[in-house]
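Analysis of the macromolecular model
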Amino acid sequence: MACEIIAEPLTITGSVGVVTVKPSLGELYRKIGYTKENISVGSKYAELLVDDRPFTEEESEYYRDGAMQAYKKFVNKAAQSRGKTYEEMHAVAQGRVWTGLQAKQQGLVDYLGGIGRGVEILKEKAKLGADEYVRLDVVRNPVSLAARLGLKPASTQARHEASVMASLRQPLALAEVDASLGGLSPLTRFVVDATLAPLSQNFGFWTNRMPALEGVS
């Protein structure tokens, strides 16, 4: 829904579609001897999402209509943001995915490239010279390196925000490690991030298992 979108040629993009699922676990419940009773009041669709039986024909139609309404709303939003009609967007939507290059050809993205290309475009829009120096600041939740590696507990708020932003098994962002390093160049940031990413994964794996290993001689 962004005004202008930049994608690498091999970026997986698109997927303008809706996926919705209802479990039907009745057979499993019977196999394991689990008994469940549903008591519903009100609408005939009150038991629409019960998980111990499949849809009735009427429920299936109702559910399908709801999914289609959500799909049309999504496609319309994407079409408006891309300056397309619903029919034009629907032709390349339907839940399909494209590479960045294909998406560019289909009018789903505006430019091909990465961070560098994005900086070039922003400088053009800000009427800055191509050679003029700019500093990139990565803004993310500040969590200490020790907390990210699982060696020190983070505050409740930090844990909540970190769980939303990233997990220990994801690469560490430099700004999340130490805000004092924010003045480093993009290239230095990339090198340090690439170095810390495997450390975060390995430390996260072992520190999660340290209590269990302490009793092993």
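An account of the accompanying structure is given in this report.

Reading guide: rules and limits
- Residues numbered from 1 in each chain as written.
- Predicted model: local features only at pLDDT ≥ 70, side-chain atom pairs only at ≥ 80, totals over all residues.
- Heavy atoms only, no water.
- Helix = DSSP H or I, 4+ residues; strand = E, 2+ residues; numbered from the N terminus.
- Buried < 20%, exposed > 50% of the residue type's maximum accessible area, 1.4 Å probe, protein only.
- Contact = heavy atoms within 4.5 Å.
- Areas by Shrake-Rupley, 256 points an atom, 1.4 Å probe, with all protein chains shown as cover.
- Core = buried A, V, L, I, M, F, W, Y, C linked by side-chain atoms within 4.5 Å.
- Expected span 1.5 Å × (residues − 1).
- Lys, Arg positive; Asp, Glu negative; His and termini not counted.
- Salt bridge = Lys/Arg side-chain N within 4 Å of Asp/Glu carboxyl O.
- Polar contact = N/O pair within 3.5 Å; in protein donor to acceptor, adjacent residues only side chain to side chain.
- Phe/Tyr/Trp six-rings, centres within 6.5 Å; stacked < 30°, edge-to-face > 60°.

On to the overall build of the chain. Along its length, the chain carries 10 helices and 4 strands. Counted from the first residue to the last, the chain has its helices and strands arranged as β-β-α-α-α-β-α-β-α-α-α-α-α-α. Residue burial in the chain is summarised as follows: out of 217 residues, 24% are buried. In the chain, once contacts between residues fewer than 6 apart in sequence are set aside, the share between residues at least 24 apart is 59%. Summed over all atoms, the accessible surface of the chain reaches about 15100 Å², with 58% contributed by carbon and sulfur.

Moving on, we come to the nonpolar core. With 13 residues, the main nonpolar core has Val75, Met89 and Leu108 as its most contacted residues. Broken down by secondary-structure element, the contributors of at least two residues to this core are α2 (57–82) and α3 (86–92). Excluding residues that lie within four positions of it along the chain, Val75 makes contacts with Val16, Tyr86, Met89, His90 and Ala93.

Before going further, it helps to spend a moment on the environment of Ala79. Summarising the element assignment, Ala79 is placed in helix α2. Residue Ala79 is classed as buried on the basis of its relative accessible area of 1%. Along the primary structure Ala79 and Leu108 are separated by 29 residues, whereas in three dimensions their C-alpha atoms are 9.3 Å apart. Apart from the residues lying within four places of it in its own chain, the contact partners of Ala79 are Lys84, Thr85, Tyr86 and Met89.

Counted at 1.5 Å a residue, the expected span for α2 with its 26 residues is 38 Å, and the 37 Å between its end C-alpha atoms agrees. Within α2, burial applies to Glu59, Tyr63, Tyr71, Val75, Ala78, Ala79 and Arg82. Of the surrounding secondary structure, the elements contacted by the buried residues of α2 are α3. Phi turns positive one or two residues past the end of α2, at Gly83, with a value near 70°.

To continue, consider the side chain of Lys22. Position of Lys22 among the secondary structure elements: in the loop between β2 (13–14) and α1 (26–32). No salt bridge is formed by the buried Lys22; the nearest opposite charge belongs to Glu59, separated by 5.7 Å. Engagement of the side chain of Lys22 in a polar contact is seen with the backbone oxygen of Arg53, the distance being 3.1 Å. Residues in contact with Lys22, not counting those within four places in the same chain, are Leu48, Leu49, Val50, Arg53, Pro54 and Phe55.

All chains considered together, the criterion is met by 3 aromatic pairs. Pairing Tyr45 with Tyr62 gives two aromatic rings, centres 3.9 Å apart and planes at 10°, and the pair type is stacked. Residue Tyr45 is located in the loop between α1 and α2, and its partner Tyr62 is located in helix α2; the two are separated by 17 residues in the primary sequence. By relative accessible area, Tyr62 is classed as partly exposed at 42%.

It is worth spelling out the pattern of salt bridges at this point. Within this structure, the stated rule accounts for 8 salt bridges. Lys125 is the partner of Glu4 in a salt bridge, and the nearest nitrogen-oxygen pair spans 3.1 Å. A residue pair is termed long-range when its members are at least 10 positions apart, and Glu4 in the segment before β1 (6–7) and Lys125 in helix α5 (residues 115–125) qualify at 121 residues. Residue Arg82 is joined to Asp110 by a salt bridge in which the shortest nitrogen-to-oxygen separation is 2.9 Å. In this pair, Arg82 sits in helix α2 while Asp110 sits in the loop between α4 (100–105) and β4 (111–112), placing the two residues 28 residues apart along the sequence. Residues participating in the shared-partner salt-bridge network are Glu47, Arg53 and Glu59.

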